[in-house]
Amino acid sequence: MQKLTLFIYLNDPNRIDVGEKMGKHKRRYLQIGLNIAFYRKLNGLTQIELAEKAGISRTFLSNIEAPNMETSVSLETLFDIADVLRVSPDKLMEFRD
């Protein structure tokens, strides 16, 4: 298992640095997971509640949101999560440099 170092800067919450060794899209998967967690909390939902409403397991949702996991998400699942969170899917795919 590859170890990932994550740095979130308190003075600039939009800046996220991950360790040198990462998969081709690891940074994007990480950002999608962070975006989902943000909108889930904004909607006052627990992981269990969001998972049930989106038709996925809580474990899978936890893996998506975990900053140390490279978990891919199908478009179907991303759309289902976006529907539950009442946001457009592009909001979940906003990437920061």
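Right above here is the structure, for reference.
A brief look at the structure comes next. (Residues numbered from 1 in each chain as written. Predicted model: local features only at pLDDT ≥ 70, side-chain atom pairs only at ≥ 80, totals over all residues. Heavy atoms only, no water.)

### Let's talk about the overall build of the protein chain
Here's step 1: In terms of regular secondary structure, the protein chain is built from five helices and two strands.
Here's step 2: The helix and strand sequence of the protein chain, counted from the amino end, reads β-β-α-α-α-α-α.
Here's step 3: Looking at the protein chain residue by residue over its 97 residues, the buried ones come to 34%.
Here's step 4: In the protein chain, the share of contacts with a sequence separation of at least 24, taken over all contacts with a separation of at least 6, comes to 50%.
Here's step 5: Counting only carbon and sulfur atoms, one obtains 52% of the accessible surface of the protein chain, whose full area is about 6,400 Å². (Helix = DSSP H or I, 4+ residues; strand = E, 2+ residues; numbered from the N terminus. Buried < 20%, exposed > 50% of the residue type's maximum accessible area, 1.4 Å probe, protein only. Contact = heavy atoms within 4.5 Å. Areas by Shrake-Rupley, 256 points an atom, 1.4 Å probe, with all protein chains shown as cover.)

### Digging into helix 2 (residues 47-54)
Here's step 1: Those residues of helix 2 that sit buried are Gln47, Leu50, Ala51 and Ala54. Projection of helix 2 onto a plane perpendicular to its axis shows the buried side chains occupying an angular sector of 100°, all on one side. Structural note: helix 2 exposes Glu52 and Lys53 on the side pointing more than 90 degrees away from its buried face.
Here's step 2: At the exit of helix 2 stands Gly55, carrying a positive phi of roughly 75°. (Arc of directions from axis to C-beta.)

### Things to note about the nonpolar core
Here's step 1: Counting residues in each nonpolar core, the largest one holds 17 residues, and the members touching the most others are Ile36, Leu50, Ile81, Leu85 and Leu92.
Here's step 2: Breaking this core down by element, the ones donating at least two residues are helix 1 (26-42), helix 2, helix 3 (58-65) and helix 4 (75-85).
Here's step 3: Looking at which element gives the most residues to this core, the answer is helix 4, with five residues.
Here's step 4: Contact partners of Leu85, with chain neighbours within four places excluded, come to Ile36, Tyr39, Arg40, Asn43, Leu45, Leu50 and Leu92. (Core = buried A, V, L, I, M, F, W, Y, C linked by side-chain atoms within 4.5 Å.)

### Considerations on the side chain of Asn35
Here's step 1: Relative to the elements of secondary structure, Asn35 occurs in helix 1.
Here's step 2: For Asn35, a relative accessible area of 5% puts it in the buried group.

### Some points on the packing of helix 2 against helix 4
Here's step 1: It is at 9 Å that the axes of helix 2 and helix 4 come closest, and there the two elements cross at 120°. Seen from above, helix 2 lies across helix 4 with right-handed handedness. Contacts from Leu50, Lys53 and Ala54 in helix 2 reach Asp80, Ile81, Val84 and Leu85 in helix 4.
Here's step 2: When its residues are assigned to classes, the contact of helix 2 with helix 4 shows five nonpolar, no polar and two charged. (Axes fitted to C-alpha atoms, helices over the stretch in contact; angles between N-to-C directions. Left-handed = near helix turned anticlockwise from the far one by under 90°. Nonpolar A, V, L, I, M, F, W, Y, C, P; charged D, E, K, R; others polar.)

### Digging into the packing of aromatic side chains
Here's step 1: What the rule picks out here adds up to one aromatic pair.
Here's step 2: For the pair Phe38 and Tyr39, a centre-to-centre distance of 5.0 Å together with 80° between the ring planes defines the contact as edge-to-face.
Here's step 3: For Tyr39, a relative accessible area of 13% puts it in the buried group.
Here's step 4: Just above the ring of Phe95 sits the side chain of Arg28; from NZ or CZ to the centre is 5.8 Å. (Phe/Tyr/Trp six-rings, centres within 6.5 Å; stacked < 30°, edge-to-face > 60°. Lys NZ or Arg CZ within 6 Å of the ring centre and 35° of its normal.)

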